[in-house]
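Residues per chain, in single letters:
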2 protein chains.
Amino acid sequence: MKHYLSVSLISALSLGLASCVSVETDFDFDDPKPAPEWSLVIHGGAGVITREAMSADTEAAYLTALNAALSTGSEMLSSGEPAIDVVETLIRNFEDDPLFNAGRGAVMTETGGFSLDASIMVGDTLDAGAVAGLSNVRHPITAARKAMENSPHVMLASEGADQFSAEQGLEIVDPGYFYTERRWESLLRALERRGVEPPPNLYGPAETTDLSFPDDRKFGTVGVVAMDQSGNIVAGTSTGGTTAKRWGRVGDSPIIGAGTYAKSGTCGVSATGTGEYFIRLAIAYAICARIEQSEENAQQASDHIIHTELTELGGDGGVIVLGPDGEPAWSFNTEGMYRGFATSRGEQVVEIYEFNETAFD
Amino acid sequence: MKHYLSVSLISALSLGLASCVSVETDFDFDDPKPAPEWSLVIHGGAGVITREAMSADTEAAYLTALNAALSTGSEMLSSGEPAIDVVETLIRNFEDDPLFNAGRGAVMTETGGFSLDASIMVGDTLDAGAVAGLSNVRHPITAARKAMENSPHVMLASEGADQFSAEQGLEIVDPGYFYTERRWESLLRALERRGVEPPPNLYGPAETTDLSFPDDRKFGTVGVVAMDQSGNIVAGTSTGGTTAKRWGRVGDSPIIGAGTYAKSGTCGVSATGTGEYFIRLAIAYAICARIEQSEENAQQASDHIIHTELTELGGDGGVIVLGPDGEPAWSFNTEGMYRGFATSRGEQVVEIYEFNETAFD
């Protein structure tokens, strides 16, 4: 950690810049700085995340998880490891962490099961892999990488994707592995609102947590975008989708161009939010196209797509972005987004709320 | 038909313009003309389609099918019917026609089954619907429309998509309905190249055709883009995917932004080709983004994406496009693409080959 300013020091610095902040953040992404040798930006979902609805313990747990991811990624990138390994490693860790809606801790479908989606894209080559509707693969992001590297296809779905993952030697788990009481309770609430009888609880009860969560129907998709020292930008996203989803619903996370996109020298994007809107606007690609074809930088392009196009259509959520030279940005129109970034310049920042008025108090 | 010039007359006119043609076509999309009140462009797949490999009877069958679609669509649009009904109707007809790789006549998966994909997008509202991996729904394009109109989701996959279609009252068929000897033989050839034992033939034999086809591993995806008299641009695509596809492969056709996109006043696009490349380049959205953000018209934007980006990445295929004012365009880097367009100006044109040197002989 010696290369990085502590979170509290960065926090103090960023609070000092409060007079020049955008609506999203307490620091200024537009402040001229030398381009980073490597950089990393992460998210753990966006939604109605307010200070009022968040307990101190829950906030601390998210901050700890996000900082751990940034520290791991920073160590790998500063050691020269490739961005693709960083993206896969960090997302695997998120998939193992029940705090997030990906892998263990995923939200449940209407029928009380799990249907996991992930995608990954390599900006140097535009290679991409995606999986949708996995039911028993512990690490969907690794399945997406294997689809990219070891199949002639980009996107695999449902039983076929499970079968491919098994053939690739990935760790297969009983679906009960993904189960958490928190998500079962979310399912029951969602079905009650819908007026639908709950399915049998096939996997519970499970160990419970003392943490309390804000209303979490849509939270917790995870994403990582990293630029390594060779300039390769890689983006990845993993999710359990939306609570009580039906009929094999596929959201934006496994859609290259919607939930994930990367093109080295232009951008890398991972998205989270109401996936249907992100598909209809091809959000991830749209941001890259604006960066490439306009004078806008990553922050401006992201803000336009999120605060104008997404908001006008009625969708909500956010994106994390690396710009052409690896400069981090993010934008969201929700009350909060679990997020953080780190760069070779020694920055390491995590934030949760819109104005971040409390995360670093 | 009284409102339209005959195909042979248009052919004669277009041959007369041969000195100013682009590499794609015998007529000049850039020739200044009044904007159409309605317009329609269709494709039936792109690939290694050469005059040498095509029998006269097969060519005639495709020309007849394409002209029938244009005539039906023209009658609907000139009567003021909405573009979405035109797109759905024409694609349903293609899905019923074993000439095309969609619905009946779809190519077969590695295991000897069918896995059908479709999507539709409405340019006025950016509403969209998509289905992937259907196994028993006669008209996948209607399933995509129902997903758009009657589900909270954009994209449904596999058994869930079949189930949704049945709940919506769509016509469910035995998978044998989709079976054709031509596609079984294609599967056998593909598996032989791959060194894989063929699966049992669950559905054959079926009625055979006297027609002979060029090598057809990837041909026959169908797409329609229509602009109605209100200016609403709607795009739709339907396919059986690629022969011998594995592991629940999802191609570009059901991916909003890759195989299909529509935004009234900007563009409508339907794509066909090596789907993995179309996903990685977000081809359909990319063309719309170039039209919106550059000075390029639909033809120029399409040519850039197909002849530069797609070709440089190693992919092949093509697109049909309507531009901001409904002007038709197409672009492809293959030897041929089954295609046609019609407009309120009385044009009705169908073409097959790259230089179209023979279709209208």
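Residues numbered from 1 in each chain as written. Chains lettered and ligands numbered in written order. Predicted model: local features only at pLDDT ≥ 70, side-chain atom pairs only at ≥ 80, totals over all residues. Heavy atoms only, no water.

Colleague: When you look at the sheet that holds strand β6 (residues 233-239) of chain B in this model, what are you seeing that I'm missing?
Modeller: Sheets are built from strands paired through backbone hydrogen bonds, the pairs being either parallel or antiparallel. Spatially, the 9 strands line up as an open sheet ordered β7(A)-β4(B)-β3(B)-β2(B)-β6(B)-β5(B)-β1(B)-β12(B)-β13(B), and their pairing is mixed. Of all strands in the sheet, those bounded by a partner on one side alone are β7 (249-250) of chain A together with β13 (348-353) of chain B. (Pairing = 2+ DSSP bridges. Helix = DSSP H or I, 4+ residues; strand = E, 2+ residues; numbered from the N terminus.)

Colleague: Explanation requested: the pairing of strand β11 (residues 328-332) of chain B in the structure shown.
Modeller: One face of the sheet, then the other: side chains in a regular strand alternate in exactly this way. All names here are of chain B. Of all 5 residues making up β11, 5 are buried, and the element is well covered by its neighbours. Judged by which residues are buried, β11 turns out to be covered on both faces: P328, W330 and F332 on one side and A329 and S331 on the other are all buried. The sheet contact formed by strand β10 (residues 317-322) and β11 spans 5 bridges and is antiparallel. Bridge pairing links I320 to W330 in β11. Where β10 folds back on β11, the antiparallel hairpin that results is connected by 5 residues, among which G326 adopts a positive phi of roughly 85 degrees. (Buried < 20%, exposed > 50% of the residue type's maximum accessible area, 1.4 Å probe, protein only.)

Colleague: Help me understand the interface of chain B and chain A, please; the structure alone is not making it clear to me.
Modeller: Counting residues at the interface gives 40 residues for chain B and 40 residues for chain A. Summed over both partners, the interface of chain B with chain A buries about 3400 Å², with 59% contributed by carbon and sulfur atoms. Summed over the shared surface of chain B and chain A, the number is 2 salt bridges. For A:D127, the salt bridge goes to B:R280, with nearest N and O atoms at 3.1 Å. Run the count over chain B and chain A and you get 20 residue pairs in polar contact (both at pLDDT 80 or more). At the level of secondary structure, the elements contributing two or more residues to the side of chain B that touches chain A comprise β3 (127-134), β4 (155-157), α5 (158-167), β7 (249-250), α7 (275-280) and α8 (283-293) of chain B. Ranked by residue count, the leading element in the side of chain B that touches chain A is α5(B), at 7 residues. Of the residues in the side of chain B that touches chain A, the class split is 22 nonpolar, 9 polar and 9 charged. (Contact = heavy atoms within 4.5 Å. Buried area = accessible area lost by both parts, 1.4 Å probe. Salt bridge = Lys/Arg side-chain N within 4 Å of Asp/Glu carboxyl O. Polar contact = N/O pair within 3.5 Å; in protein donor to acceptor, adjacent residues only side chain to side chain. Nonpolar A, V, L, I, M, F, W, Y, C, P; charged D, E, K, R; others polar.)

Colleague: How should the packing of helix α3 (residues 83-96) of chain A against helix α4 (residues 140-150) of chain A be read in this particular structure?
Modeller: Between two packed helices, both the angle of their axes relative to each other and the distance between the axes serve to describe the pair. Residue and element names in this part refer to chain A. Here α3 crosses α4 at 145 degrees, and the two axes come no closer than 8 Å. Of the residues in α4, those in contact with I84, D85, E88, I91, R92 and E95 of α3 are P140, I141, T142, R145, M148 and E149. Among the residues forming the contact of α3 with α4, the class breakdown is 5 nonpolar, 1 polar and 6 charged. (Axes fitted to C-alpha atoms, helices over the stretch in contact; angles between N-to-C directions.)

Colleague: What's the story with the state of the cysteines in this structure? I'm lost.
Modeller: Here is the idea: a disulfide is a covalent bond, and it sits between the sulfur atoms of two cysteines. Residues and elements named next belong to chain A. Under the criterion given, the structure shown has 2 disulfides over all chains. Bridging C267 to C288, the disulfide has an S-S length of 1.7 Å. Every disulfide takes its handedness from the sign of the S-S torsion; for C267 and C288 that torsion is 100 degrees, giving right-handed. Taken as a pair, C267 in strand β9 (residues 267-273) and C288 in helix α8 (residues 283-293) lie far apart in primary sequence, 21 residues in all. The pair formed by C267 and C288 is uniform in burial state, with each residue classed as buried. (Disulfide = S-S within 2.5 Å.)

Colleague: Looking at this model, I keep getting lost on helix α6 (residues 181-194) of chain B. Mind explaining?
Modeller: Side chains three or four residues apart in an α-helix point the same way, a direct result of the helix having 3.6 residues per turn. All names here are of chain B. For α6, built from 14 residues, the straight-helix expectation of 20 Å at 1.5 Å per residue is met to within 8% by its first-to-last C-alpha distance of 20 Å. Those residues of α6 not exposed but buried are E181, R182, R183, W184, S186, L187, A190 and L191. Tucked inside the fold, the buried residues of α6 contact α2 (56-78). Of the residues trailing α6, G195 is marked for its positive phi of about 75 degrees. (Expected span 1.5 Å × (residues − 1).)

Colleague: What am I meant to see in unusual backbone geometry here?
Modeller: Residue and element names in this part refer to chain A. A cis amide bond links G204 with the next residue in sequence, P205, at an omega value of -5 degrees. Within the secondary structure, P205 is located in the loop between α6 (181-194) and β5 (222-227). Here the phi dihedral of L126 falls at roughly 60 degrees; this positive angle occurs in a residue that is not glycine. If you trace the backbone, L126 turns up in the loop between β2 (116-122) and β3 (127-134).

Colleague: Explain the pairing of β5(A) to me, please; I cannot follow it from the model alone.
Modeller: All names here are of chain A. Of all the 6 residues making up β5, 6 are buried; the element is thus mostly covered by neighbouring parts of the structure. A two-sided burial pattern is seen for β5, the buried positions comprising V222, V224 and A226 on one face and G223, V225 and M227 on the other. One ladder, built from 5 bridges, connects strand β1 (residues 39-47) with β5; its direction is antiparallel. Along β5, the bridge assignment pairs S39 with M227. Taking the residues between adjacent antiparallel strands as the criterion, β5 and strand β6 (residues 233-239) are bridged by 5 residues, where G231 takes a positive phi near 90 degrees.

Colleague: Sorry, what's going on with the packing of α8(A) against helix α9 (residues 298-313) of chain A here?
Modeller: Residues and elements named next belong to chain A. Contact geometry of α8 with α9 gives a least axis separation of 9 Å together with a crossing angle of 135 degrees. In terms of orientation, α8 lies oblique with respect to α9. Every pair of crossing elements has a handedness; the one defined by α8 and α9 is right-handed. Residue-level contacts link I283, A286, I287, R290 and I291 of α8 to A298, A301, S302, H304, I305, I306, E309 and L310 of α9. When the residues that make up the contact of α8 with α9 are grouped by side-chain class, the tally is 9 nonpolar, 2 polar and 2 charged. (Parallel < 35°, antiparallel > 145°, perpendicular 65-115°, else oblique. Left-handed = near helix turned anticlockwise from the far one by under 90°.)

Colleague: Would you explain the packing of aromatic side chains in this entry?
Modeller: Two aromatic rings are characterised by how far apart their centres lie and by the angle between their planes. Residue and element names in this part refer to chain B. Considering all chains together, one arrives at 20 aromatic pairs over all chains under this definition. Considering the side-chain rings of Y62 and F100, the 5.5 Å spacing of their centres and the 75 degrees angle between planes classify their relative orientation as edge-to-face. Of this pair, Y62 sits in helix α2 while F100 sits in the loop between α3 (83-96) and β2 (116-122); the two residues are 38 residues apart in sequence, bridging distant segments of the chain. Overall, the relative accessible area of 1% leaves Y62 in the buried class. Relative to F178, the ring of F114 lies with its centre 5.7 Å away and its plane at 55 degrees, an arrangement referred to as tilted. (Phe/Tyr/Trp six-rings, centres within 6.5 Å; stacked < 30°, edge-to-face > 60°.)

Colleague: Would you mind showing me how to read the relation of the copies chain B and chain A here?
Modeller: One copy of the chain maps onto the other through a rotation about an axis followed by a shift along the same axis. By a simple turn and slide, chain B fits onto chain A: the slide is 0.0 Å along the axis, the RMSD is 0.0 Å, and the turn is 180 degrees. Expressed as an axis order, the relation between the two copies is that of a two-fold axis. Both copies share a contact surface, since 100% of the interface residues of chain B are interface residues in chain A too. (Least-squares fit on C-alpha atoms with pLDDT ≥ 70 in both.)

Colleague: Honestly, the environment of A:T208 in this entry has me stumped. Any pointers?
Modeller: Within the fold, A:T208 resides in the loop between α6 and β5. It is 7.7 Å that separates the C-alpha atoms of A:T208 and A:R182, two residues lying 26 residues apart in sequence.

Colleague: I'm lost on the sheet that holds strand β9 (residues 267-273) of chain B in this one. Help?
Modeller: Residues and elements named next belong to chain B. One open sheet holds the 4 strands; their spatial order is β8-β9-β10-β11, and the pairing between them is antiparallel. Strands with a single pairing partner mark the edges of an open sheet, and in this sheet they are β8 (260-263) and β11. The sheet shows a mean angle of 10 degrees between the axes of neighbouring strands, direction not considered. Strand contacts of helix α9 (residues 298-313): β10 and β11, with the helix running at about 10 degrees to β11, the strand carrying the most contacts.

Colleague: Please clarify how the environment of A:S186 should be interpreted in this entry.
Modeller: All names here are of chain A. Along the polypeptide, S186 turns up in helix α6. When its relative accessible area of 1% is taken as the criterion, S186 is described as buried. Sequence-wise, S186 and T243 are 57 residues apart; in three dimensions their C-alpha atoms are separated by 7.0 Å.

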